[in-house]
Amino acid sequence: MSDCIFCRIINKEVDATIVYEDDQVVAFNDIYPKAPVHVLIVPRRHIPSLAHVTPEDEPVLGHMMYVARKIAEEQGILESGFRTIINTGRHGGQEIYHLHMHLVGGRPVGPMLVRQ
Ligand code: AMP
Ligand code: ZN
């Protein structure tokens, strides 16, 4: 997907601060961080969103969770805590249609949702 910004980051065609990578996922700092730690964990395979996953994606989805824990430890927020977020689709507020998990922490990140 040459027009996908996250595929281009994965392929090293666009710069990003990569904090972790392996054969299944790449993780890099969010360009507009909302907290002292704000990392995006993305599968190498272009999956548009959580609404598009299939049974064959189950291993990488589990791996993303473990990588979140690993990065949290590396960034010193394992004990203080953190939040993982996957936005899906229009109502979920998804802006980039390459599946990604946000890992945010380094300060109390506030209530999960604001009641409206
Ligand atoms: P979402 O709303 O879940 O789709 O979040 C997309 C996230 O990608 C936002 O937090 C953006 O700040 C972030 N983002 C957009 N472009 C880039 C980029 N080139 N490098 C790093 N993060 C980006
Ligand atoms: Zn992509």
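Note that this is a predicted model, so its numbers are computed, not measured.

## Description of the overall build of the protein chain
When helices and strands are tallied, the protein chain shows 3 helices and 5 strands. In the protein chain, the succession of α and β elements from N to C terminus is α-β-β-β-α-β-α-β. Taken against the 2.2 N^0.38 rule, which gives 13 Å for 116 residues, the C-alpha radius of gyration of the protein chain at 14 Å falls within 12% of a compact globule. Taken along its principal axes, the extent of the C-alpha atoms in the protein chain is 35 × 35 × 25 Å. A fraction of 54% describes how many contacts in the protein chain between residues 6 or more apart in sequence connect residues 24 or more apart. When the accessible surface of the protein chain is split by element, carbon and sulfur atoms take 53% of a total near 7,300 Å². Distance between charge centres in the protein chain, computed from 11 positive and 14 negative side chains, equals 7 Å.

## Focus on the layout of surface pockets
Reported here for the largest pocket is a volume of approximately 550 Å³. Along its surface, the largest pocket is lined by 24 residues, and F6, D30, L40, E95 and I96 are the ones closest to its centre. Those elements giving two or more residues to the lining of the largest pocket turn out to be α1 (5-10), β2 (25-29) and β3 (37-43). The leading source of residues in the lining of the largest pocket is α1, at 3 residues.

The rules behind these values
Residues numbered from 1 in each chain as written. Chains lettered and ligands numbered in written order. Predicted model: local features only at pLDDT ≥ 70, side-chain atom pairs only at ≥ 80, totals over all residues. Heavy atoms only, no water. Helix = DSSP H or I, 4+ residues; strand = E, 2+ residues; numbered from the N terminus. Rg over C-alpha atoms; globule rule 2.2 N^0.38 Å. Contact = heavy atoms within 4.5 Å. Areas by Shrake-Rupley, 256 points an atom, 1.4 Å probe, with all protein chains shown as cover. Lys, Arg positive; Asp, Glu negative; His and termini not counted. Charge placed at Lys NZ, Arg CZ, Asp CG, Glu CD. 1 Å grid on protein atoms, 1.4 Å probe; cavity = no way out; pocket = protein on both sides within 12 Å on 5 of 7 lines; lining within 4 Å. Points joined across faces, edges and corners; volume = space filled by probe spheres on them.

Worth remembering: the numbers are spatial, not functional.
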